[in-house]
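# Notes for the structure review
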Amino acid sequence: MRWEDQGVLLSVRRHGEGSAIIDVLTAEHGRHAGVVRGGASRKLAPILQPGAQLAMSWTARLESHIGTASVEPLKSRAADLMQDRMTLSALNSVCALLAFALPEREPQEEVYAATISLLDMIGANPAWALAYLKWEVLLLEATGFGLDLTRCAVTGSTDDLIYVSPKTGRAVSGAGAGDWADRLLPLGPALRDGNTADPGEILAGLRVTGHFLETHLAPSLGNRPLPDARIRFLSALERRV
Amino acid sequence: MSDDTRDIEALIDLMARLPGLGPRSARRAVLHLIKKRGPLMVPLVDALRNVAENARPCLNCGNIGTSDLCAICADETRANGEICVVEEVSDLWAMERAGIFKGRYHVLGGTLSALDAIGPEDLHIPKLLDRVATENVREVILALNATIDGQTTAHYIADQLSGDIAVTSLAQGVPIGGELDYLDDGTITAAMRARKSF
């Protein structure tokens, strides 16, 4: 078995004295692991930092084996992002959530493209926090828990959509909410229209996506807690608000 | 394995578990020790026994020593108001080899890691905050590795430290003897950003 692909490094752990096991979200092969010989060496360790974009070549005798990966750096992001706590915590959150949510070896082309686009924006584009929120919405959709925010689940109306049902992830209008309004999640402009970069609105949107990550996605993955990295990112964003 | 070589094989097996040694190099090392029994093997056994009996982490900083307080923490001249925070004892020893830092240290015992589920409570961060409050600390130097995990930990500690304490970190850039052509682009980026007037 042998293939070549590009990917974003999600995590790396040492394997023995000199090698490393990498977890990479690839463009065509989904989340994929591999052993990098010499991955803990002085030459390769700086390249194998989470968020790095790599050209990866994977080889194994059988498809079920973890296989050996050789990598070439395409783009390093660590130096750009680790100077600032917001951008660093966002990078950590992206990598941790992908490793948390995605199954291994299942192609996720849309998630991959959105992840590359988001990582390129973080720190470089002022609207990156909003892009992060949209990325979490896409991640929910890719894992089978997409939100439907286009029309009211009760009345079918497309106006006055100000709530989200915490059970179904569907939008609810003010008129449709009725007596259940206090049990619904708020649907702010960042999540509804996706065109505001106000940190407070983005944070409110992330609390909604966080609800679905925690109560819908996590139980489907064996009730693992959400990664601390996401909690730290929200704390950093909260401090900015 | 015959009875008369069983002990030697057991020693080779143990040596082969050490970092940097495999079965072949462990065999060479054991053979060398047997040949140099008087000048090398016996003192090595004594030294190993002493360390096994006495080595323990310093109650204050986490360095390894042979008493409750390591030599650095026991030295009053090093209480200069500076604490250098490092990940592991090996980092502390590297700093001491350089001989440039004259204050005290604090060993975290690792870094925050989402992958390994290491949170702040698993590191010696609460102890660091205690020390900052009680040791008249003016500056905390975050000498953590220039990795994503290292810098995540550095930002977390900086957030926890408040008041008039200066929080600094090591510079990042071109190593002494380094050639630009062989540096990764992340290091070059960091070096370019940290450039200074010449």
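These numbers come from a predicted model, not from an experiment. Numbers given to residues run from 1 along each chain, matching the order in which its sequence is written. Whichever chain is written first becomes A and whichever ligand is written first becomes 1, with later ones labelled in order. Per-residue local features of the predicted model are confined to residues with pLDDT of at least 70, and side-chain atom pairs are confined, for both listing and counting, to 80 or more; whole-chain, interface and lining totals are unaffected and use all residues. Only heavy atoms go into the side-chain values, all of them from the structure, while hydrogens and water stay out.

### Here's the deal with the domain arrangement of chain B
Accessible area lost when the parts come together is the quantity often used to give the size of an interface. What counts is decided by this rule: Domain delimitation in this document rests on an assignment produced automatically or drawn from a domain database.
As assigned here, chain B comprises domain 1 (3-54) and domain 2 (64-169). Here the C-alpha centre of domain 2 of chain B lies 34 Å away from the C-alpha centre of domain 1 of chain B.

### Topic: the domain arrangement of chain A
All names here are of chain A. Note the following rule: Accessible area, probed at 1.4 Å, shrinks when two parts are joined; the buried area is that loss added up over both. Here a salt bridge means any side-chain nitrogen of Lys or Arg lying within 4 Å of a carboxyl oxygen belonging to Asp or Glu. Numbering goes from the N terminus for both helices and strands, where a helix is a DSSP run of H or I of at least four residues and a strand is a run of E of at least two.
Domain boundaries in chain A define domain 1 (2-76) and domain 2 (79-147 + 187-240). Put simply, the middle of domain 1 and the middle of domain 2, counted by C-alpha atoms, are 23 Å apart. Carbon and sulfur atoms make up 57% of the surface buried where domain 1 meets domain 2, a total of about 1600 Å² over both sides. Of all residues in domain 1, Leu10, Leu25 and Arg31 bury the most surface against domain 2, accounting for 37% of the area lost on that side. At the surface where domain 1 touches domain 2, the tally comes to 1 salt bridge. Contributions of two or more residues to the side of domain 1 that touches domain 2 are made by β1 (2-15), β2 (19-26), β3 (30-36) and β4 (53-59). No other element matches the 5 residues that β1 contributes to the side of domain 1 that touches domain 2.

### Some points on the pattern of salt bridges
What counts here: When accessible area is computed with a 1.4 Å probe and restricted to protein chains, residues below 20% of their type maximum are described as buried, those above 50% as exposed, and intermediate ones as partly exposed.
What the rule picks out here adds up to 16 salt bridges over all chains. With a closest N to O distance of 2.7 Å, Arg207 of chain A and Glu238 of chain A form a salt bridge. Remark: Glu238 of chain A occurs in helix α8 (residues 228-240) and Arg207 of chain A occurs in helix α7 (residues 199-220); sequence separation between them is 31 residues. Looking at Arg207 of chain A, the relative accessible area reads 46%, which means it is partly exposed. With a closest N to O distance of 3.1 Å, Asp68 of chain B and Arg56 of chain B form a salt bridge. Taken together, the residues span a long stretch of sequence, with Asp68 of chain B in the loop between β2 (64-65) and α4 (71-74) and Arg56 of chain B in strand β1 (residues 56-57) at a distance of 12 residues. One salt-bridge network, held together by shared partners, links Lys75, Arg77 and Asp120 of chain A.

### As for the interface of chain A and chain B
Applied cut-off: Contacts are assigned to residue pairs that have any heavy atoms within 4.5 Å of one another.
Each partner contributes to the interface: chain A provides 21 residues, whereas chain B provides 25 residues. Summing the contributions of chain A and of chain B, the shared interface buries around 1900 Å²; its carbon and sulfur component is 53%. Of all residues in chain A, the largest losses of buried area upon contact with chain B belong to Met82, Arg85 and Arg232 of chain A, amounting jointly to 29% of the total for that side. For the pair chain A and chain B, the interface holds 3 salt bridges. Note that Asp159 of chain B and Arg85 of chain A form a salt bridge whose closest N and O atoms lie 2.8 Å from each other.

### What about the side chain of Thr26 of chain A?
Residues and elements named next belong to chain A. Which entries qualify depends on this criterion: Under this definition, polar contacts are N or O atom pairs within 3.5 Å; protein pairs additionally need one hydrogen-donor-capable and one acceptor-capable atom, and for neighbouring residues in sequence, both atoms have to be side-chain atoms.
Structurally, Thr26 is set in strand β2. Within the structure, Thr26 has its side chain in polar contact with the backbone nitrogen of His29 (distance 3.0 Å). Within polar-contact distance, the side chain of Thr26 engages the backbone oxygen of Gly30 at 2.6 Å. When near neighbours in sequence (up to four residues on either side) are disregarded, Thr26 contacts Trp3, Asp5, Gln6, Gly7, His32, Met56 and Tyr112.

### Some details on the pairing of strand β6 (residues 161-164) of chain A
Residue and element names in this part refer to chain A. Cut-off, in case you're wondering: Strands qualify as paired when DSSP identifies two bridges or more between them.
Summarising the sheet, β6 and strand β7 (residues 171-173) pair through 3 bridges and their orientation is antiparallel. Bridging from a neighbouring strand, Leu161 pairs with Ser173 of β7. The antiparallel hairpin formed by β6 and β7 contains 6 residues in its connecting segment, where Gly169 sits at a positive phi of about 75°. Here β6 pairs with strand β8 (residues 185-186) via 2 bridges, running antiparallel. Residue Tyr163 lies in a different strand from β8, and its bridge partner there is Pro186.

### With respect to the state of the cysteines
Residues and elements named next belong to chain B. What counts is decided by this rule: Two cysteine sulfurs form a disulfide in these notes if their separation is within 2.5 Å.
Taken as a whole and judged by the stated rule, the model has 0 disulfides over all chains. Unpaired in terms of disulfides, Cys73 finds its nearest cysteine sulfur in Cys61, a separation of 3.6 Å. Here Cys84 is not cross-linked by a disulfide; its sulfur's nearest cysteine counterpart is in Cys61, at 11 Å. Taking the relative accessible area as the measure of exposure, Cys84 reaches 0% and is therefore buried.

### A closer look at the side chain of Ser93 of chain A
Residues and elements named next belong to chain A. Within the element layout of this structure, Ser93 appears in helix α2 (residues 85-101). A polar contact of 2.6 Å, which involves the side chain of Ser93, links it to the side chain of Tyr132. Non-local contacts of Ser93, meaning those with residues more than four positions away in its chain, are made with Tyr132, Ala229, Arg230 and Phe233.

### Section: the sheet that holds strand β5 (residues 139-142) of chain B
Residue and element names in this part refer to chain B. What counts here: Note on method: axes are straight lines fitted to C-alpha atoms, helices fitted across the in-contact stretch only, with angles between N-to-C directions ranging 0 to 180 degrees.
Ordered in space as β4-β3-β5-β6, the 4 strands form an open sheet in which the pairing is parallel. A strand with exactly one partner marks an edge of an open sheet, and here the two such strands are β4 (104-107) and β6 (166-169). Pairwise comparison of adjacent strand axes, ignoring direction, gives a mean angle of 25° for this sheet. Pairing of strand β3 (residues 82-86) with β4, which is carried by 4 bridges, proceeds in the parallel orientation. Within β4, the position partnered with Val86 by the bridge is Val107. In the packing of helix α6 (residues 125-134) onto the sheet, the strands contacted are β3, β4 and β5, and the crossing angle to β4 comes to about 155°.

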